[in-house]
Structures are given as structure tokens and as C-alpha cells.
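Coordinate analysis (summary)
Residue-level listing of the chains:
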Amino acid sequence: MSDATHRDFLAIPDFTRPELISLLDLAERMRKGEYTAKPLAGKSLAMIFMKSSTRTRVSFEVGTWQLGGHALFLSPRDVQLGRGEPIADTARVLSRYVDGIMIRTFAHSEVEELARFASVPVINGLTDLLHPCQILADLLTVKQHLGTWEGKKIAWIGDGNNMANSWINASYRLGFQLVLACPEGYDPDPATLAREGGKNVKVVRDPAEAAKGADVINTDVWASMGQEEEQAKREVAFAGYEVDKKLMSGANKSAIFLHCLPAHRGEEVAADVIDGPQSRVWDEAENRLHVQKALMAVLMGNEPLG
Ligand code: CP
Ligand code: NVA
């Protein structure tokens, strides 16, 4: 099932600004139940998970089914990739069976390699470098609760990780203000910052400075998947970076709190923030479903953009 004109989604900048806006409009129609087409009828999505997942796995699987298609969950225990079969060979073979491949893995270069050798669309379900599907969901959540991201200040508090890097990508494409408070040594990817940092993105050390007047306060775990052995060291480095009520009080009154989940209450976020009135994390998790359905409808189902 090869398609010479297929597109991948490995990173937010794979779409232009108008395309991103149009994609999120489609996702919004899906959220509101206004989209009932089945563009994936007779089509299959292979989902390769080299890391754990709750939201990504369930939302892609359910989303594929809701669009009329079928999804296959492939863990390293199930597929030969886990025993060392080359990524390029896996890409070529899967492309003969399925209409799209979603992959969550460690090195971003593995996703790029998969995309290079696959003849069907490849979707990045998280790498050590980026988490673009989550940022699409976060943007939809911002639109849902604040009306727009235009002119808003987004604050990132904590690790300059895959989420932070994808936020920088989004700021670069959409032009909102992004202030990231990261401890020294935990800045976002230097290449991403150098390429896309520009005038809209600022990295600071003081969480209160980032939170001041912000419309969105966003954080994530201090040790991402694959960094578990650094947990103790990171707890020391990230002391003072917990998003608590005091930090939230520096943001705009109408500010919302986002976290991609899973969360550690009492570490990167206080329980009374994530479970409090400004938290939108459950809508944010739900929005994974809608944005990924929009993505698959466009990439795999010939749904036009814009
Ligand atoms: N936010 C997110 O990607 O969650 P999972 O790791 O559960 O997929
Ligand atoms: N930064 C986190 C995100 C989890 C969805 C990780 O990579 O583990």
C-alpha cells in the first residue's frame, strides 16, 4: 500500500501555520461531534511502542476505529524490531500491509529513519526529542478554554524535554509568547532553540518569572521515560520548580494549568493545582483523541486541509 505522495508528521513544523490552524479546526469539529465520516474505512494503522503509554496507545487505537479503520499494537516483545531487525526493513515490510505507522521510541533519528524507508505516513508518538501529538492536543485545549493562543503567554516550568522542544516548535510556527523556566543544565534542545528560539521564546531560571502574567502554566515530569535512574539527581536539580498554588497565583486569574500526564503529585505539580479549578488536564488528555483523528484523517484518509 505505497503512496508516493504521502506526508509524515514527525514534528510540528511539518505543517505550515495555515495547515496547523486548519488541522486544529478539523479536530475541533471532531470534538464537537460534527464530523462523522469514516475516512479510514478498510485501512490499518501499525502502532509501534518501544516505551510505555496509556493515552497515546488508547487514543490512537480508539481514534482509528472511530474513523472506520483498524489499529495494531506492536510492542518490542511482539515484533522482530525488539530482537534487532533493522528499522529500515521494518518500515518496508509494514508499508506492504498497513496505511500508516505510529511510533513511540527513544532516539528521534529512529523515527526519521522509519519515515525515510516507509512508503506510508509515519506519525511521531513521542521521541526523546519531541512529542508533537501532545502539543497539538495542548493547542486545542488552549483554544477550547481561552479561545485562541494568539497573544497569549505560555509558561513552561521544569525540564527542557521533548514537550518543551515541541512547544518551541509551536511558538515558532504560531507566534505566541513562550517562556520556559528550566534549571541550569536542563535547557531545551540547543539546536531547536538556535533554529526557532527567535523573539517569541525565552529561557529563564526563575519559575515565578515565567509564570508572571501567563495564560497557560504547563509542566511535565522531572525524569522522562528512559531517565528513571536520574530521578534522585533530578529531584535535587528541580527543587523549587513544583507548580503549586503560589506559583499559579502569579499567573493571570483566568490562567489554565496543563500537564501531558502521567503526573507525579507532590513533585512537579501540587495535588491542589492538578486537581484544582484551573486544571484542564482531563480535557487535554481527551483532546489527544481529537487531534490524532484529525491527523490520521488528513495523512491516511485523504481529508483535505483548509
Ligand atoms: N501524554 C502521553 O503521551 O501519555 P502516555 O505516555 O500515556 O501516552
Ligand atoms: N516527557 C515525558 C512525556 C510523557 C508523555 C516522557 O518523555 O516520559
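For the structure itself, look to the data block above.
This text gives an overview of the structure that appears in the document. Here the structure is a predicted model, which is why all the values come from computation and not from measurement. (Residues numbered from 1 in each chain as written. Chains lettered and ligands numbered in written order. Predicted model: local features only at pLDDT ≥ 70, side-chain atom pairs only at ≥ 80, totals over all residues. Heavy atoms only, no water.)

Attention shifts here to the site of ligand 2. The immediate surroundings of ligand 2 are formed by L126, H131, N161, N162, D220, S224, M225, C260 and L261. Here a nitrogen atom of ligand 2 sits 3.3 Å away from a polar atom, N or O, in the side chain of N161. S224 places a side-chain nitrogen or oxygen 2.7 Å from a nitrogen atom of ligand 2. Coverage of ligand 2 by the protein amounts to 94% of the 270 Å² it exposes when considered alone. Across the shell around ligand 2, the residue classes tally to 4 nonpolar, 4 polar and 1 charged. (Near = heavy atom within 4 Å. Polar contact = N/O pair within 3.5 Å; in protein donor to acceptor, adjacent residues only side chain to side chain. Areas by Shrake-Rupley, 256 points an atom, 1.4 Å probe, with all protein chains shown as cover. Nonpolar A, V, L, I, M, F, W, Y, C, P; charged D, E, K, R; others polar.)

Moving on: the nonpolar core. Counting residues in hydrophobic clusters, the biggest one holds 53 residues, and the most contacted among them are F9, I123, L139, W167, F176 and L295. Of all the secondary structure elements, the ones that give two or more residues to this core are α1 (17-31), β1 (44-49), α5 (132-146), β5 (153-157), α6 (162-174), β6 (177-181), β9 (256-259) and α12 (281-299). Per-element accounting of this core gives the leading share, 8 residues, to α5. In this structure, W167 is in contact with I135, D138, L139, I154, W156, F176, L178 and N218, ignoring residues within four places of it in sequence. Of all hydrophobic cores here, the second largest spans 27 residues; its members include I157, Y186, V243 and V269. (Core = buried A, V, L, I, M, F, W, Y, C linked by side-chain atoms within 4.5 Å. Buried < 20%, exposed > 50% of the residue type's maximum accessible area, 1.4 Å probe, protein only. Helix = DSSP H or I, 4+ residues; strand = E, 2+ residues; numbered from the N terminus. Contact = heavy atoms within 4.5 Å.)

This brings us to the side chain of H131. In this structure, H131 sits in the loop between β4 (122-124) and α5. Exposure remark for H131: the relative accessible area of 4% places this residue in the buried category. Excluding its chain neighbours within four sequence positions, the residues that come into contact with H131 are T56, R104, G125, L126, N162, M163, S166 and R288.

Remember that the coordinates give geometry; whether it matters functionally is a separate question.
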